[in-house]
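Read off the chains here:
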Amino acid sequence: MITYNTDGVKMPSIRKRNTTTWIRQVAATYGKKVGEVGYMFVNDERILEVNREYLGHDYYTDIITFDYNEGDVINGDLVISLDTIRTNAELLDKEYDEELHRVIIHGILHLCGLNDKGPGEREIMEEAENRALAMR
């Protein structure tokens, strides 16, 4: 089950049923099934608190992914800052909706086993995001 919640922000205008179907389709391309995945949409202040408390990082980010996977079933909590998404969309000259969906699927790709911190991994992640966005 995929849930969508907010903390301190208005729920973004996403089509939850379509988004859930899309997430399941993307996960399936990696041989994964979706178990319990929870999205929490927050503001910059809240994501900074989460980043400090759980990861010891003192900076803003667009998404934090907590991975509770069990075998081929993805489970996790994904905390997304709508403020950072809006800022990034403006900086990258992208539509807000496109950047929001890129970040929504970015967390799922992490749960599917992709990383973006090591050498060459960012390019692999971006290609995977683009393929996933094309499936929408």
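That block above? That's the structure.
To start, this report covers the structure provided alongside it. Per chain, residues are indexed from 1 in the order of the written sequence. Given that the model is predicted, a residue must reach a pLDDT of at least 70 before its local features are reported, and side-chain atom pairs must reach 80 or more before they are shown or counted; all residues, however, enter totals for whole chains, interfaces and linings. To get the side-chain values, all heavy atoms of the structure are used, and hydrogens and water are removed first.

### What about the overall build of the chain?
Part 1: To qualify as a helix, a DSSP run of H or I must reach at least 4 residues; to qualify as a strand, a run of E must reach at least 2; elements of each kind are numbered from the N terminus. Helix and strand counts for the chain come out as five helices and four strands.
Part 2: In the chain, the succession of α and β elements from N to C terminus is β-α-β-α-β-β-α-α-α.
Part 3: Radius of gyration means the value over C-alpha atoms here, while the globule rule gives 2.2 Å times the residue count to the 0.38 power. A compact globule built from 136 residues should have a C-alpha radius of gyration of about 14 Å, and the chain, at 14 Å, falls within 12% of that.
Part 4: When its C-alpha atoms are laid out on the principal axes, the chain stretches across 35 × 35 × 30 Å.
Part 5: Using a 1.4 Å probe on the protein chains alone, a residue whose accessible area is under 20% of its type maximum counts as buried, one over 50% counts as exposed, and one in between counts as partly exposed. Looking at the 136 residues of the chain, the share that counts as buried comes to 43%.
Part 6: Sequence separation of 24 or more characterises 63% of the internal contacts of the chain that already satisfy a separation of 6 or more.
Part 7: Method for areas: the Shrake-Rupley scheme with a 1.4 Å probe, in which residue coverage is limited to the protein chains shown. When the accessible surface of the chain is summed, it comes to about 7700 Å², and 46% of that surface belongs to carbon and sulfur atoms. Two residues qualify as a contact provided that any one of their heavy atoms is within 4.5 Å of a heavy atom in the partner residue.

### Quick look at the pairing of strand 3 (residues 63–67)
Part 1: Here a strand pair is declared whenever DSSP counts at least two bridges between the two strands. Examined bridge by bridge, strand 3 and strand 4 (residues 73–81) share five bridges and lie antiparallel to one another. Bridging across to strand 4, F66 finds its partner in D77.
Part 2: Hairpin connection, strand 3 to strand 4: the antiparallel pair is bridged by five residues, and G71 has positive phi, about 65 degrees.

### Considering helix 3 (residues 82–92)
Part 1: Every buried residue of helix 3 is listed here: L82, T84, I85 and A89. The arc that holds the buried residues of helix 3, viewed along the axis, is 155 degrees, so those residues lie on one side. Across helix 3 from its buried face, at more than 90 degrees, point the exposed residues E90 and L91.
Part 2: Directly beyond the C-terminal end of helix 3, a positive phi value near 55 degrees is found at D93. The directions considered for the arc run from the helix axis to the C-beta atoms.

### Observations concerning the pattern of salt bridges
Part 1: The term salt bridge refers to a pairing of a side-chain nitrogen on Lys or Arg with a carboxyl oxygen on Asp or Glu at a separation within 4 Å. This structure, assessed with the given rule, holds six salt bridges.
Part 2: R136 is the salt-bridge partner of D97, the closest N and O atoms lying 3.4 Å from each other. Remark: R136 occurs in the segment after helix 5 (121–134) and D97 occurs in helix 4 (residues 96–111); sequence separation between them is 39 residues.
Part 3: Among the residues examined, D97 registers a relative accessible area of 34% and is labelled partly exposed.

### Concerning the packing of helix 4 against helix 5
Part 1: A fitted line through C-alpha atoms represents every axis, and for helices the fit uses only the stretch in contact; the resulting angles, taken between N-to-C directions, go from 0 to 180 degrees. The interhelical angle for the contact between helix 4 and helix 5, taken along N-to-C directions, is 115 degrees, at an axis separation of 9 Å. Crossing angle aside, the handedness with which helix 4 passes helix 5 is right-handed. Contacts from E98, H101, R102, I105, H106, L109 and H110 in helix 4 reach M125, E126, A128, E129, N130, A132 and L133 in helix 5.
Part 2: Of the residues in the contact of helix 4 with helix 5, the class split is six nonpolar, four polar and four charged. The crossing is said to be left-handed when, going from far helix to near helix, the turn is anticlockwise and less than a right angle, and right-handed when the turn is clockwise. Only Asp, Glu, Lys and Arg are considered charged, only Ala, Val, Leu, Ile, Met, Phe, Trp, Tyr, Cys and Pro nonpolar, and every remaining residue, Gly among them, polar.

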